[in-house]
Amino acid sequence: MIDQLLGWAIQILITLFALVTAVAYLTFMERKVMSWIQLRVGPNRVGPWGLLQPAADGLKFIFKEDIIPLEANRWLYIIAPAVSVVPAMMSLIVIPWGSEIHLFGRTIPLHVTQMNIGLLYVFALTSLGVYGIVLAGWSSNNKYSLMGGLRSSAQMISYELALGLAIVSVLLWTGSLDLVEITKSQSGTWFGFIPRWNIFRFPLGTFGFIIFYIASLAETNRTPFDLPEADSELVAGYHTEYSSMKFALFQMAEYLNLITAASIGTTLFLGGWNGPGVEQLPILSLVYFVIKVLVLIFIAMWIRFTLPRFRYDQLMRFGWKWLLPLAIINIIATATLLIFIR
Amino acid sequence: MINYVPILIIFIFAVGMATAIIILSRLAGRNRPTREKLMPYECGVEPVGTARERQSVKFYLVAMVFLLFDIEAVFLVPWAVVFPRVLSDPAYRTLKYLFYGEMMLFMVVLFVGLVYVWRKGILEWAAK
């Protein structure tokens, strides 16, 4: 019992450490990608090719002045960043990062725990993340923050519907909410060369993936759906008043949510850690998973630096009048197809 | 049930980490408050009025419509999980059209609800 608890604690610590480092380097990657797209060099002074920039940023965040506005609702203001970052961290334990590796004579699965409700658990936690944003917006006692928080909650709940309905079509094929089971169901190939990934179940799987991806961009508040932050109209939205590490915690939560969204997208539609040679060399599975997640994150960044922001009424119209009906039609079509071919 | 224990462990870790970071920045950073620094930020001018004002009722309507649709989405999940088993298991195969038809009926009701909300103008955000 103690042995198992210790094992979990170590696995969780390693996952958390790896993910926090990944978050730091994602901010770096975002700045580099942005500068390449805008024909600039980007951060290149701190360390070779600017690789130590995230560490410098972290140090700077710690030593900045921590401001609590006089009119803010003090306690809510202080706990809001924690409320936003804790659910973002908690959803990491069910994601299957790889198959399993053999280390020191034991078999270690590359996921912390396997739950038969894994997907529901992730969705429950991502929904909880809204509370942090709303609390931050309201407790700052700033008009911009309040608008940012309200917009964010309305946007996140609107797109959560499309997101939740887009995954139902995957459930119809795999019949499981367990992320490990969903990954395993996508191993192998059709006709010997097409991987059995859900995205290749043309056209319905591809369609489901597109709905899922667009909705997940909106869920993680990324451009073109970054209305809650909207630098040019709301200054910075819900974190206008935040400084120092509290601000950094919001950033961390945002990037962790991006990683979670990309990981769930990979697991559900891109075959998770499946790929050639996984049975012979299990560590490859981790490599495949990271590559697929990075591709999804890169596309999100690419979209951010290419597309302009939606207007608010356009955003709501797109979510409710396009994505939601399309997701419902996708479910009906998938179920109808399944009942005829099986 | 043992598989759910890591939730508790990571909850403790995550809360501990967030608390430590917040306290650390409080201790490590300098602290020289002035009146201007502690005012709500409004692009450098004196704040006008307060942020504790009434908000558009649209936000509440969207929240209520979301609740209705989300409960329906939650109802879809168990159905979708059982669906492949109904199709493959010989014991349930005879029921598959009933199983399929009932949910399609429900989806039609869902769609009619969406059309109703749409026609009522709850989804219109731009002022006419």
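Let me begin by describing the structure that accompanies this report.

**Observations concerning the nonpolar core**
Residue and element names in this part refer to chain A.
- Core analysis: the largest hydrophobic core is formed by 125 residues, its most contacted members being Ala 162, Ala 215 and Leu 249.
- At 19 residues, the largest contribution of residues to this core is made by helix H5 (residues 143-174).
- The contacts of Ala 215, once residues within four sequence positions are left out, are Tyr 159, Ala 162, Leu 163, Ala 166 and Leu 323.

**Quick word on the interface of chain A and chain B**
- In this complex, chain A contributes 65 residues to the contact, which on the side of chain B involves 58 residues.
- Mapped by element, the contributors of at least two residues to the side of chain A that touches chain B are helix H1 (2-37), helix H3 (74-90), H5, helix H9 (244-269) and helix H11 (312-341) of chain A.
- Per-element accounting of the side of chain A that touches chain B gives the leading share, 14 residues, to H11 of chain A.
- Considered class by class, the residues forming the side of chain A that touches chain B number 44 nonpolar, 10 polar and 11 charged.

**Some thoughts on the packing of H5 of chain A against helix H2 (residues 58-88) of chain B**
- It is the contact of H5 of chain A with H2 of chain B, at a shortest axis distance of 9 Å, that shows an interaxial angle of 15 degrees. One way to sum up the angle between H5 of chain A and H2 of chain B is to call them roughly parallel. Considering how the two elements wind past one another, H5 of chain A and H2 of chain B form a crossing that is left-handed.
- Looking at the contact of H5 of chain A with H2 of chain B residue by residue, the classes come out as 21 nonpolar, 2 polar and 1 charged.

**Quick notes on the pairing of strand E1 (residues 100-103) of chain A**
Residues and elements named next belong to chain A.
- Where E1 meets strand E2 (residues 106-109), 4 bridges bridge the pair, whose relative direction is antiparallel. Note that in E2 the partner of His 102 across the bridge is Thr 107.
- Adjacent in sequence and paired antiparallel, E1 and E2 are bridged by 2 residues, among which Phe 104 carries a positive phi angle near 50 degrees.

About the cut-offs
- Residues numbered from 1 in each chain as written.
- Chains lettered and ligands numbered in written order.
- Predicted model: local features only at pLDDT ≥ 70, side-chain atom pairs only at ≥ 80, totals over all residues.
- Core = buried A, V, L, I, M, F, W, Y, C linked by C-beta atoms within 7 Å.
- Buried ≥ 20, exposed ≤ 12 C-beta atoms within 10 Å, placed from the backbone.
- Helix = DSSP H or I, 4+ residues; strand = E, 2+ residues; numbered from the N terminus.
- Contact = placed C-beta atoms within 7 Å.
- Nonpolar A, V, L, I, M, F, W, Y, C, P; charged D, E, K, R; others polar.
- Axes fitted to C-alpha atoms, helices over the stretch in contact; angles between N-to-C directions.
- Parallel < 35°, antiparallel > 145°, perpendicular 65-115°, else oblique.
- Left-handed = near helix turned anticlockwise from the far one by under 90°.
- Pairing = 2+ DSSP bridges.

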